[in-house]
Amino acid sequence: MPDVEHFSLAQADPSLDPCSDFFQYACSKWIKANPIPPDQGGWGTFNMLALWNTAAVHNTLEEAAQASPNRTLVQQKAGDYYAACMDENAINKAGIAPLQPDLDRIAGLRKKSQLPEILASLHRSIRPADLNFIDAAYQGIVFGIYSQPGLDDASITLAILDQSGLALPAREFYLNQDAKSKEIRDKYVKHVARVLELSGEPHAQAAVDAETVLAMETELASVAMDIVARRDPKNLNNKMSLQQVQALTPSFQWKRYFASIQAPPSPQYLVTAPSFFRGLEKLIQARSIEQWRAYLRWSTVHSQASSLSQPFVEENFDFFGRTLGGAQQLQPRWRRCSLYADIDLGEAVGQAYVAKYFPPENKERMLQLVKAIKTALDEDIDAATWMSDKTKQAAHAKLSAQVDKVGYPDHWRDYSAVEIRRNDFLGNVQRSSAFEIRRRIAQFGQPTNRYEWGMTPPTVNAYEDPQHNTINFPAGILQPPFFDATATDAVNFGSIGAVIGHEIIHGYDDQGRKFDAQGNLKDWWTTTDAANYEQRDQCITEEYTQDVPEAGVKQNGKLSAGEDTADNGGIHIALAGLQATLKSQGRDLDQPAQNGATELQNFFLSYANVWCGDLRPETARTAVMTQGHSLSRYRVNNVISNMPEFAHAFGCRAGHPMVHANACRVW
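These figures come from a predicted structure and were not determined experimentally. (Residues numbered from 1 in each chain as written. Predicted model: local features only at pLDDT ≥ 70, side-chain atom pairs only at ≥ 80, totals over all residues. Heavy atoms only, no water.)

**Describing the sheet that holds strand 7 (residues 463-465)**
If you walk across this open sheet you meet the three strands as 6-8-7, and the pairing is mixed. Edge positions in the sheet fall to strand 6 (403-407) and strand 7, since each of these pairs with one other strand and no more. Ignoring strand direction, the axes of neighbouring strands in this sheet form an average angle of 15°. Note: strand 6 against strand 8 (residues 470-474), five bridges, orientation parallel. Bridge assignment links Lys405 to a residue of strand 8, and that residue is Asn472. With respect to the sheet, helix 22 (residues 496-506) is in contact with strand 7 and strand 8, its orientation differing from that of strand 8 by roughly 150°. (Pairing = 2+ DSSP bridges. Helix = DSSP H or I, 4+ residues; strand = E, 2+ residues; numbered from the N terminus. Axes fitted to C-alpha atoms, helices over the stretch in contact; angles between N-to-C directions. Contact = heavy atoms within 4.5 Å.)

Take a look at the structure:
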């Protein structure tokens, strides 16, 4: 097991000025001592914890993989899945053969009218993406299908039909005309051709088909909704009957698709991007059956490349890992297999992880932190001079209704129906994917379950779900340096406390504020209060619309507005929670802690510590173009520069780079 990172005052560099560049002051020593490993696109304290968790999962899987009559059914499935993944000789010997039934089905496509059945079959065998449709496009073949609460009535789960069909990270990778984008597309076409050739196509045909793939994906990208437009849930709220869905794509028979994928009827169908499906109709009509076969063959092999033999794995890594991510070598197989097991059988793997690495007392302390920070937001709402009493009342009601989920589910998912074979890795991936797709599709028209988790217990992440009105903290992030049972309150409030605050504030950012206490898309703001919010939020949008030289692109503050608002507001209410906690102990923020720094200094240094790290330029470019999060340097410097409490802690004055003259604040 690698070591976990514990906060230490010694990580700061006293030779640097915290008022000039706090990220450098807090993190430069760590970054210099921890260069990016060759199998990573970036490296930071966040990544170190992810690696520690993967090693922890690996330990539980190694134990479960030992063929013992004493294994539980959960251990048997997780262990046999892992054993099959680790049997690289068998996987290499099989080559493309395990995927051949899917490829034969595609080769048998003779009429476009057969597309519904073909796509239903492929959708059943490919891992569903764990993405909230409000935030990002679903990654599936041609289009995405999944379940989510209705936007107008979150108590009922609806079928969602979403734009998809792109293998590159975002539509901009297809449409941008700068030199770097063109270079990536040229490399992408060569990659597609190599994969098709590996799958059995003749060299010349693979080259032709690769150009077809790029052309078809570019057509899909051109009709896909822009990622910034997707951030407004009103743009996604397109409720339709099945007849109306059918009218979007007359050439694609939806009744046959839903029958083939065995989907129950949905009260309504939420079509996130009608223009995409209108564009899909044109694509079906315009492209030949041979071109559709080429696109589907590529999409199928690409989606399963990591589960195939070594030539596919290496070619997939060469483009997506090396070209797009900057990594120099593959991660070791045991690590990849541990990650795949967590993806495909997450709550089976998570049971062993939680039992071994997340004691009940950690959950209890975490819940205390959540309570303190929620109390701080209640007080912040009361103190807001820009909100009316009516809006404040609704804001309090929403916070009171929010469900706090910490560590792991109350009821574990039952995987007894999933067939796992010790000698069939790709089959295990496909059967576990089919199980998950069936589970989600079965929710169409059913009451919404607010207590279901969207992340597995070992995940190093957290999220807020506006439609369930929940905040969610998997056990995986509740380890050092984020949560440390041995650390002081100042350190924990600065690290996991800021994360807690971040997720809570998501319920009140430019997206979350549009949902009410029940998770419905409903405007509960007065006209004046909404205008006041927009004015404050615009300050943050403008602050983060900035050049990012390490990525070679410009950040769009409208894309990152929600995350930036949550960063700025989250640390404010975390600090207020710490201040109240210390006051209850007869202490204050300016008192020195045992390490010699004040409580306030420890708070800010702990906050910066969890973001210490660096990215390769390729990874940074992709992140800025496609993700809502700012890069770590800006998650530290842009946030603390808006806080007079930081200036007080480190003696910074007006005119210093870390003191903004026009400090932004929403919450």
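Anyway, onward from the coordinates.
**Here we look at the packing of helix 18 (residues 360-383) against helix 24 (residues 557-584)**
At their nearest, the axes of helix 18 and helix 24 sit 8 Å apart, and the two run at 110° to each other. On the basis of the axis angle, helix 18 is roughly perpendicular to helix 24. Contacts between helix 18 and helix 24 involve Ala372, Ile373, Ala376 and Leu377 from the first element and Ile573, Ala574, Ala576, Gly577 and Thr581 from the second. For the contact of helix 18 with helix 24, the residue count by class is seven nonpolar, two polar and no charged. (Parallel < 35°, antiparallel > 145°, perpendicular 65-115°, else oblique. Nonpolar A, V, L, I, M, F, W, Y, C, P; charged D, E, K, R; others polar.)

**What to know about the state of the cysteines**
Under the counting rule described, the total for this entry stands at four disulfides. With its sulfur 2.1 Å from that of its partner, Cys27 forms a disulfide with Cys612. The S-S bond linking Cys27 to Cys612 shows a torsion near -75°; that makes this disulfide left-handed. Of this pair, Cys27 sits in helix 1 (residues 22-33) while Cys612 sits in the loop between helix 25 (599-609) and strand 11 (613-615), placing them 585 residues apart in sequence. Summarising the burial analysis for this pair, Cys27 and Cys612 share the class buried. With a sulfur-sulfur separation of 2.0 Å, Cys539 is cross-linked through a disulfide to Cys664. Where Cys539 bonds to Cys664 through sulfur, the torsion about that S-S bond is close to -75°, and the disulfide is left-handed. (Disulfide = S-S within 2.5 Å. Buried < 20%, exposed > 50% of the residue type's maximum accessible area, 1.4 Å probe, protein only.)

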